[in-house]
Amino acid sequence: MKKLINDPADVVSEALQGMAAAHPDRLRVDLENRIVYRKDAPRPGKVGLISGGGSGHEPMHGGFVGLGMLDAACAGEVFTSPVPDQMMAATKAVDAGAGVLHIVKNYTGDVMNFEMAAELAAADAGTEVLSVVTNDDVAVQDSLYTAGRRGVGVTVLLEKIVGAAAEEGRPLQEVADLARRVNDNGRSMGMALTSCTVPAAGKPTFELAENEMEVGIGIHGEPGRQRLPLAPAREIAAMLVDPVVSDLPYQQGDSVIAFVNGMGGTPLLELYLMYHEVAQLLDRAGITVARSLVGNYITSLEMAGCSVTLLKADDELVRLWDAPVNTPGLRWGA
């Protein structure tokens, strides 16, 4: 195992210390509870937005805390859900009287712990909490970590769009309804060229031969739809785009936000090459790309591979996507 770490047991806490040192203008970090806060949270009259999950997916979620996105993010151990006490502390801390929205990826531990935290916060402080669960992965119905589809790339787009709506001062129910609309209109699928190594484990999560790839992979290294011989990028793009397009389904004339995400170990050179292949497939299908995002945003440690997310977009969603954002992981217009 070759990693830039000191002790595997300290990876998450030391990374959070690094975030605090790197972004004191935008963030404050509760190192004891492992919570990343927007520096000016809570903001009076604004719905608080919280997400979180296991570490190892950076910049998701702590890197998306700030103006135009999240108010707080809870960090668990690598690939392990945060605990309800973390989520309750974050919920109470960002509640400015307008309520709090929990954005939860569909992994069993995350869903269970966020539900418990919402109940605790309501009982302890009377905080009004609504939750939205993302489940956009079309690859498999159930997996090692989930009942139902996994929450993956659409979570990034949702946090940006809903974050912009919360900045406008929209009420909690309206913000939650928007979040559900984004989730319902987004689909994703990913693939891996390599496995990844959890620091505490010290060995790869799974094995892939040099001439193999896994299609339909999850962000924790969960098995996908099938293991296949390595193929050219144009063929891989079709393996990801075709199931996504047919699942919603997307239709000729639709407009989308297209997101090609790296799994952590794939260079931008290859991600842009993949985006070119994706864009050509969408063009041939008569689907218009209104906005695009390319890069490593929801990762799986050092895994090589990528995912494709499409979000059917109308004028409102595009306007909210374009709204200013200022976080460590995503920034424009601010």
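Residues numbered from 1 in each chain as written. Predicted model: local features only at pLDDT ≥ 70, side-chain atom pairs only at ≥ 80, totals over all residues. Heavy atoms only, no water.

Going by the annotation in an unreviewed UniProt entry, the name recorded for the chain is phosphoenolpyruvate--glycerone phosphotransferase, with Kribbella sindirgiensis given as the source organism. Per UniProt, the comment on the chain under Subunit (unreviewed entry) is "Homodimer. The dihydroxyacetone kinase complex is composed of a homodimer of DhaM, a homodimer of DhaK and the subunit DhaL." For the chain, the Pathway (unreviewed entry) comment in UniProt is given as "Polyol metabolism; glycerol degradation." (UniProt positions renumbered as here; feature names shortened; annotations may be inferred.)

> Any chance you could explain the overall build of the chain here in plain terms?
Across its full length, the chain holds eight helices and 14 strands. Taking 334 residues into account, the globule formula puts the C-alpha radius of gyration at 20 Å, and the chain, at 19 Å, falls close to it. With the principal axes as the frame, the chain shows a C-alpha extent of 55 × 50 × 35 Å. Out of the 334 residues in the chain, the part that is buried amounts to 57%. Across the chain, every contact between residues at least 6 apart in sequence was considered, and the portion connecting residues at least 24 apart equals 73%. When the 27 positive and 43 negative side-chain charges of the chain are each reduced to one mean point, those points stand 4 Å apart. (Helix = DSSP H or I, 4+ residues; strand = E, 2+ residues; numbered from the N terminus. Rg over C-alpha atoms; globule rule 2.2 N^0.38 Å. Buried < 20%, exposed > 50% of the residue type's maximum accessible area, 1.4 Å probe, protein only. Contact = heavy atoms within 4.5 Å. Lys, Arg positive; Asp, Glu negative; His and termini not counted. Charge placed at Lys NZ, Arg CZ, Asp CG, Glu CD.)

> Would you explain the packing of aromatic side chains in this entry?
Pairs of aromatic rings are described using the distance from one ring centre to the other and the angle between the two planes. Tallied over the entire structure, the rule returns three aromatic pairs. Ring centres of Trp321 and Trp332 lie 5.2 Å apart, and the angle between their planes is 55°; this geometry places the pair in the tilted category. Of this pair, Trp321 sits in helix H8 (residues 315-322) while Trp332 sits in strand S14 (residues 331-332); the two residues are eleven residues apart in sequence, bridging distant segments of the chain. Of the residues examined, Trp321 reaches a relative accessible area of 3% and is grouped as buried. A relative accessible area of 25% means that Trp332 is categorised as partly exposed. By way of ring pairs, the aromatic residues Phe64, Phe259 and Tyr297 are connected into one cluster. Lying across the ring of Tyr37, Arg28 places its NZ or CZ 4.7 Å from the centre. (Phe/Tyr/Trp six-rings, centres within 6.5 Å; stacked < 30°, edge-to-face > 60°. Lys NZ or Arg CZ within 6 Å of the ring centre and 35° of its normal.)

> Help me out: how do you make sense of the packing of helix H4 (residues 154-167) against helix H5 (residues 172-184) in this one?
Each pair of packed helices gets described by two things: the angle between the helix axes and the distance between those axes. In contact at an axis separation of 9 Å, H4 and H5 are set at 150° when each is read in the N-to-C sense. Relative to H5, H4 is oriented roughly antiparallel. Crossing of H4 against H5: the hand is right-handed. Contacts between H4 and H5 involve Val154, Leu158, Ile161, Val162, Ala165 and Ala166 from the former and Val175, Leu178, Ala179, Val182 and Asn183 from the latter. (Axes fitted to C-alpha atoms, helices over the stretch in contact; angles between N-to-C directions. Parallel < 35°, antiparallel > 145°, perpendicular 65-115°, else oblique. Left-handed = near helix turned anticlockwise from the far one by under 90°.)

> Would you mind showing me how to read the sheet that holds strand S8 (residues 212-215) here?
Sheet strands pair via backbone hydrogen bonds, and the direction of the pair is either parallel or antiparallel. Taking strand neighbours across the sheet as the criterion, the six strands line up as S9-S8-S7-S12-S10-S11 in an open arrangement whose pairing is mixed. Among the strands making up the open sheet, the edge pair consists of strand S9 (226-229) and strand S11 (288-295). Each strand axis lies, on average, 20° off the axis of its neighbour in the sheet, ignoring direction. Pairing geometry for strand S7 (residues 186-192) and S8, over two bridges, is antiparallel. (Pairing = 2+ DSSP bridges.)

> I keep staring at the pattern of salt bridges and nothing clicks. Help me out?
Pairs may arise between side chains of opposite charge once their charged atoms sit close together. Inspection of the entire model under this criterion finds 23 salt bridges. A salt bridge links Arg150 to Asp137, with the nearest nitrogen and oxygen atoms 2.8 Å apart. Residue Arg150 is located in the loop between strand S6 (129-134) and H4, and its partner Asp137 is located in the loop between S6 and H4; the two are separated by 13 residues in the primary sequence. Here the two residues Arg150 and Asp137 agree in accessibility, since each one is buried. (Salt bridge = Lys/Arg side-chain N within 4 Å of Asp/Glu carboxyl O.)

> Help me out: how do you make sense of the nonpolar core in this one?
Counting residues in each nonpolar core, the largest one holds 62 residues, and the members touching the most others are Leu49, Phe64, Leu101, Val156, Ile161, Val162 and Leu293. The element that contributes the greatest number of residues to this core is H4, accounting for nine residues. Excluding residues within four positions of it along the chain, Phe64 makes contact with Pro59, Met69, Leu70, Val156, Glu159, Tyr297, Thr327, Gly329 and Leu330. Residues Ala237, Tyr275, Leu282 and Cys306 belong to the second largest nonpolar core, which totals 30 residues. (Core = buried A, V, L, I, M, F, W, Y, C linked by side-chain atoms within 4.5 Å.)

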